Every structure is written in C-alpha cells, then in structure tokens.
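Close look at the chain arrangement
Okay, here's what each chain looks like letter by letter:
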Amino acid sequence: MTDSPLEQINLLDTDYADILANSSHPAFEMQLVRFGIDAAEARTATNFIALMRQKPDTPEQWAALTEAWEAGCGFDPELEHLQLLVQLLWHNQTKER
C-alpha cells in the first residue's frame, strides 16, 4: 500500500490522542486544526461552541460558559450579552434533553 490512510496535519501522536480523549467535539477540533488553526486555539473555540449548544442549568455551568467566553472572545460577557444568548439561542429549548 503506497497511500497512507491518515491525513497529515502536523500533529504529534500525543496531540492527536489528546484531541480524541479530551475534546468536547473531536471532529470539529480536528477540522479547525486541518484549516491551520493553532491546536490551543482550536481547543478554546471548540470548548466555547460546545458550551453554547445548551443553556446552562447550574451556577457551575454558567461559570464554565463565562470562562469559555472570556477565553474565546478575550473579554467577560456582560449581562446584556447573556440575556441575548438566552433569547436567541435557548429561548425555545425545553427541559427535556
């Protein structure tokens, strides 16, 4: 066999394994890396997007979201930002998940 089944994306095996084991959405994170995004930035973006998928239910989940927001956007969200998120993203979500 002359063609390698693995795509060359300039990651060490340990970095690849870390994505598979620790990413909140490994396929998306790998896609970002393939597009040339730095692995650390890809992890930050993936974490932020994964946390945005569902409205947090607990203070701990809100804290995780605000930390991810700060890491991804470079500033803390204001109350107005969070209210807009609730209205735009999560207004129609039900408690049944």
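Remember, it's a predicted structure, so these values are computed and weren't measured experimentally.

**Some details on the nonpolar core**
Formed by Phe-48, Met-52, Leu-65, Ala-68, Trp-69, Leu-82, Leu-85 and Trp-90, the largest nonpolar core amounts to 8 residues. Secondary-structure elements contributing two or more residues to this core are α3 (39–52), α4 (59–73) and α5 (79–90). Ignoring sequence-local partners within four residues, the contact set of Met-52 consists of Leu-65, Leu-85, Leu-89 and Trp-90. Ile-9, Met-30, Leu-32 and Ala-42 belong to the second-largest nonpolar core, a separate cluster that totals 6 residues.

**Looking at the side chain of Glu-29**
One can find Glu-29 in helix α2 (residues 26–34). Setting aside residues up to four positions removed in sequence, Glu-29 forms contacts with Ile-19, Ser-23, Ala-39, Ala-42, Arg-43 and Thr-46.

**Details of the environment of Asp-18**
With respect to the helices, strands and loops of the structure, Asp-18 is situated in helix α1 (residues 13–22). Once residues lying within four places of it in the same chain are set aside, the contact partners of Asp-18 are Ser-23 and Arg-43.

**Focus on the pattern of salt bridges**
Tallied over the full model, the rule gives 2 salt bridges. Between Asp-18 and Arg-43 there is a salt bridge, with its nearest N and O atoms 2.9 Å apart. Of this pair, Asp-18 sits in helix α1 while Arg-43 sits in helix α3, and the two are 25 residues apart along the sequence. The salt bridge partner of Arg-43 is Glu-29, with a shortest N-O separation of 2.9 Å. Of this pair, Arg-43 sits in helix α3 while Glu-29 sits in helix α2, and the two are 14 residues apart along the sequence. Each of the salt bridges in this network shares a partner with another, and the network as a whole consists of Asp-18, Glu-29 and Arg-43.

**Observations regarding the confidence of the model for the protein**
Put simply, the protein has an average pLDDT of 84, and 87% of its residues get 70 or more. Between the elements of the protein, mean pLDDT differs from a low of 85, seen in α5, to a high of 91, seen in α4.

Calculation rules
- Residues numbered from 1 in each chain as written.
- Predicted model: local features only at pLDDT ≥ 70, side-chain atom pairs only at ≥ 80, totals over all residues.
- Heavy atoms only, no water.
- Core = buried A, V, L, I, M, F, W, Y, C linked by side-chain atoms within 4.5 Å.
- Buried < 20%, exposed > 50% of the residue type's maximum accessible area, 1.4 Å probe, protein only.
- Helix = DSSP H or I, 4+ residues; strand = E, 2+ residues; numbered from the N terminus.
- Contact = heavy atoms within 4.5 Å.
- Salt bridge = Lys/Arg side-chain N within 4 Å of Asp/Glu carboxyl O.
- pLDDT = per-residue confidence, 0-100.

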